[in-house]
Amino acid sequence: MTGERPIAQRNWRVPDTGAEGMSSCTIALLATGNGATRLHVTYTWRRFVLVAIALACNAELLAEAQGQCTSSFALAVNYSTGVGSGPYAVAIGDLNSDGIPDAAVADIFGAVVVIRGNGDGTFGAPTMYPTNNGSTSVAIADLNGDGRLDLAAANANSDSVSVLLNIGDGTFAAAVSYPTTAAPFSIAIGDVNNDGLPDLVVANQNSNNVSVLLGIGNGAFSSAVYFGVGNTPSAVAIADLNGDESLDLAVTNQFGNDISVLLGNGDGTFAGAVNYNAGVPAFSSPRSLAAGDLNDDDAIDLAVVGYSSDTVIVFPGNGNGTFGAAVGFAVAADPNSVAIGDFNGDGRPDLVVGYFLGSSISVLIGNGSGAFATATHYAVGSGPYHTAIADVNGDGRGDILAGNRIPGNVSVLLNTGTSFGFSLQPQSQSVAAGTDVTFAANVSGTGPIRYQWRRGGVPIPGAAASSLTISNVTAADTGVYDVQVRGGCSPSGVTTSYPATLTVGNCNGDLNGDGAFNAMDVQDVVDALLAGNTCP
């Protein structure tokens, strides 16, 4: 195609047992000229049929890509969650609005523990916020619409959920609790009735149902409404499973050996549960799950941990709320949780598994078609029940946090793989009109490296360097900027920087350029403000 150029090319020759020699294929990665890439495959075959050649080439391509994009993690560093604490689950979010990920940990002894991130992959001292007894799950969202992230915890031993509203500096008000049925074990947050407000969904382990608590909008919730599922529901995930833009539910039923799918009606109610057998390869005792597109078909799939079968079980979604036959992938003994991320920067989803026993977590690298490589194990503390994924040191790579039940701490594993890492992220700026502004980014990783700056998620034509300079800015340049980086171990993969906000005002205080904001500038400032302008 006109304007395309080759970035990389690989040739393979496939042996043919016949007298007519070898068959071959050529796979070229082409740049299309607009920042995108595409694969172009050419086949030459003799005795083999085309399908056989295609399969052989695809297998070689996958092996090549996986060989280039490696995943590795530094040794775990542990951070205390407090004396006598019992971490059961962990969630990550920017709780004090400083742009740095923090961790919230559900403490089985009746608390949520917050440890603040420092931005370099380290964390500070723990702060404990009491809930009700038996907190086994925690979720993070803005529950009252004030722009700050709040906490919600499921309390399995006290038949309740606790809501802790953010005061504004990363500290939290006293917990407000709402009753559920017996043993609420897992909590998830989503807008299940399409009113723009977050709602709570809870899997109640000893009552074989899920509770739905609709948000009122001020951080309060209506009384729970219940929907039946299978035997001993242990975890719940929220996603649009049938593509109708209304959220649905997927639930693991630990002693029912199946998962329940409840399609949402868009008003906070759900159709009756449809159950899918999780007995892969045998009785699996499904304990937890995560939802995501694991095979690149734009349909949501489910990854489920089989506690008794020592497997991760993948249910491929059909896109209409139904699921195909499950496939199992071996992990270590007693898996307890699963989360989805991209650990090697190839743009394909990978899995991380936490365990009820033992002192390690497992990473399974995905091939983009719903299959996963043999698990690689990384040492952490004892009893890493749950994990969470976030870039906690600002290098653009997905790091892993694991809550360790027995020592009472959280293990942090920093990603050291071959994927791109940002050593310098673009920074937000507030400037006066007429100023020249430069956003800069530095990236480490295998080249060649290609940059594309964006404003509001839209590519900026010609902005393809490691820095972006905007000359003589005006209020029209105000917006959110980031840069996407392509190349390296997976030329088709994309790594996106942190967003940087540009605020442009009409005065900057020091209007006469004498290096100080003083009385000489006051009248000009007042005039600007009276005219409806702002100073950054």
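Conventions and cut-offs
Residues numbered from 1 in each chain as written. Predicted model: local features only at pLDDT ≥ 70, side-chain atom pairs only at ≥ 80, totals over all residues. Heavy atoms only, no water. Salt bridge = Lys/Arg side-chain N within 4 Å of Asp/Glu carboxyl O. Pairing = 2+ DSSP bridges. Helix = DSSP H or I, 4+ residues; strand = E, 2+ residues; numbered from the N terminus. Axes fitted to C-alpha atoms, helices over the stretch in contact; angles between N-to-C directions. pLDDT = per-residue confidence, 0-100. Contact = heavy atoms within 4.5 Å. Buried < 20%, exposed > 50% of the residue type's maximum accessible area, 1.4 Å probe, protein only. Phe/Tyr/Trp six-rings, centres within 6.5 Å; stacked < 30°, edge-to-face > 60°. Lys NZ or Arg CZ within 6 Å of the ring centre and 35° of its normal.

## Quick look at the pattern of salt bridges
Now for step 1: All chains considered together, the criterion is met by 3 salt bridges.
Now for step 2: D146 is paired through a salt bridge with R148; the nearest N and O atoms lie 3.2 Å apart.

## Quick word on the sheet that holds strand β13 (residues 184–190)
Now for step 1: In spatial order, the strands read β13-β14-β15-β16; together these 4 strands make up an open sheet with antiparallel pairing. A strand with exactly one partner marks an edge of an open sheet, and here the two such strands are β13 and β16 (225–228). For this sheet the average axis-to-axis angle between neighbouring strands, irrespective of direction, equals 25 degrees.
Now for step 2: Bridge count between strand β14 (residues 199–204) and strand β15 (residues 209–213): 5 bridges; the pairing is antiparallel.

## Quick notes on the confidence of the model for the protein chain
Now for step 1: Looking at the protein chain, pLDDT values average 84 and 78% of them are 70 or higher.
Now for step 2: Ignoring residues within four places in sequence, the model shows residues 5–23, a span with pLDDT below 50, making 58 contacts including any to other chains.
Now for step 3: Contacts of residues 513–517 to residues separated by more than four positions or lying in other chains number 6 contacts, the stretch itself having pLDDT below 50.

## Details of the environment of V410
Now for step 1: Structurally, V410 is set in strand β31 (residues 409–413).
Now for step 2: Relative accessible area serves as the criterion here: at 1%, V410 is assigned to the buried category.
Now for step 3: For the pair V410 and T81, spaced 329 residues apart in sequence, the C-alpha to C-alpha distance is 6.9 Å.
Now for step 4: Among all residues touching V410, those that are not within four sequence positions of it are V77, N78, Y79, T81, V105, I115, L401, A402, G403 and N404.

## A short note on the packing of aromatic side chains
Now for step 1: One pass over the full model with this rule turns up 14 aromatic pairs.
Now for step 2: Taking the centre distance of 5.9 Å and the plane angle of 85 degrees together, the rings of Y178 and F221 count as edge-to-face. Of the two residues, Y178 is situated in strand β12 (residues 176–179) and F221 in the loop between β15 and β16; the sequence distance between them amounts to 43 residues.
Now for step 3: Centroid distance Y307 to F356: 6.0 Å. Interplanar angle 90 degrees. Geometry classified as edge-to-face. With Y307 in the loop between β22 (301–306) and β23 (311–315) and F356 in the loop between β26 (350–355) and β27 (360–364), the pair connects residues that are 49 residues apart, well separated along the chain.
Now for step 4: On the accessibility criterion, F356 (24% relative accessible area) is partly exposed.
Now for step 5: Taken together, the ring pairs connect Y88, F185, Y307, F356 and Y385 into an aromatic cluster.
Now for step 6: Against the face of Y307 rests R287, its NZ or CZ located 4.3 Å from the ring centre.

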